[in-house]
Amino acid sequence: MLPRVRILTALSVFTPRTFRHLVISFLFWQVMFAGVYTALLEVFGLLELAPMWIHLTVSFLLCAPFLSLTLLLVSEHLHLSRKFRNLSEMDALTGLRNRRSFANEARRRHDPDGRDLMILLDIDHFKAVNDTYGHDKGDICLKEVARFLEGWIRPEDILCRYGGEEFAVFLQNTSARYAMPIARTVSAGHHFDLGEVRVNVSFSMGLAQWDRGQSFEEVLKEADTALYQCKRDGRA
């Protein structure tokens, strides 16, 4: 591990990928330029003409503007890269995580020794909202539902728009016995204002415990099966 860290640190001065690497790169190239500058003064016999601190100050003043401009451009590139990466992980309509980001983060946070849960929520009769009030109102409805669901989860949980009118929630270290009453309350009917109209929205729900040895895909399939069963039993 240590050699790999050293290699990555060395490469960061040539291709900085974080703001910390930018600082390291700036200091590295400043020292390198000062070394080359003083070496040239030594070669041409000019080193003794002034104290060393003056030579170092001159080297800094010569190098800093060009180096600062270069690093400023790199910094802006890093900022835009981070922004685009965040956008690639976000659902454009609701601002929630998208499916890929949700899956990656759930896998990362999952504790095999814990009691994690997966919940799938599907808006009942959402097509009727689109057909009756139009797709613009349907989009507003999805945004309102997203804000509503955000109000019910904890900071350590993960919420995403999984697709269409379907949402997924990863509940970390939570027992099904504790989550079920809350999930039933959330899935019951709730009114949302869509401008000049007001709609009642309920959810069908599927819940699955993420057991030891299960993959993300397996527990998601269990939750999806439970969601289908809920719809078949008359929630939708």
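Before any of the text, the structure's been laid out above.
A. Looking closely at unusual backbone geometry. Although it is not a glycine, His 125 sits at a positive phi angle of roughly 55 degrees. Among the secondary structure elements, His 125 is positioned in the loop between strand E1 (117-123) and helix H5 (126-133).

B. Structural context of the side chain of Arg 161. Locating Arg 161 in the fold gives a position in strand E2 (residues 158-163). Classification of Arg 161 by relative accessible area gives buried; the value is 16%. Looking at Arg 161, its side chain comes within polar contact range of the side chain of Asp 91, at 3.3 Å. With residues near it in sequence (within four places) discarded, Arg 161 still touches Asp 91, Leu 93, Thr 94, Leu 96, Arg 97, Asn 98, Arg 99, Leu 142, Glu 166 and Phe 167.

C. Spotlight on the pattern of salt bridges. Overall, the coordinates contain 13 salt bridges when judged by the stated rule. Lys 231 is the partner of Asp 122 in a salt bridge, and the nearest nitrogen-oxygen pair spans 2.9 Å. Of this pair, Asp 122 sits in strand E1 while Lys 231 is found in helix H8 (residues 216-232), placing the two residues 109 residues apart along the sequence. By relative accessible area, which is 10% here, Asp 122 ends up buried. Here Asp 124 ties to Lys 231 by a salt bridge, and the two come within 3.9 Å at their closest N and O atoms. One end of the pair, Asp 124, is in the loop between E1 and H5; the other, Lys 231, is in helix H8, and 107 residues separate them in sequence. Judged by relative accessible area, Asp 124 falls into the buried class, the value being 5%. Among the residues examined, Lys 231 registers a relative accessible area of 27% and is labelled partly exposed. One salt-bridge network, in which partners are shared between bridges, spans Glu 105, Arg 108 and Arg 109.

What counts and how
- Residues numbered from 1 in each chain as written.
- Predicted model: local features only at pLDDT ≥ 70, side-chain atom pairs only at ≥ 80, totals over all residues.
- Heavy atoms only, no water.
- Helix = DSSP H or I, 4+ residues; strand = E, 2+ residues; numbered from the N terminus.
- Buried < 20%, exposed > 50% of the residue type's maximum accessible area, 1.4 Å probe, protein only.
- Polar contact = N/O pair within 3.5 Å; in protein donor to acceptor, adjacent residues only side chain to side chain.
- Contact = heavy atoms within 4.5 Å.
- Salt bridge = Lys/Arg side-chain N within 4 Å of Asp/Glu carboxyl O.

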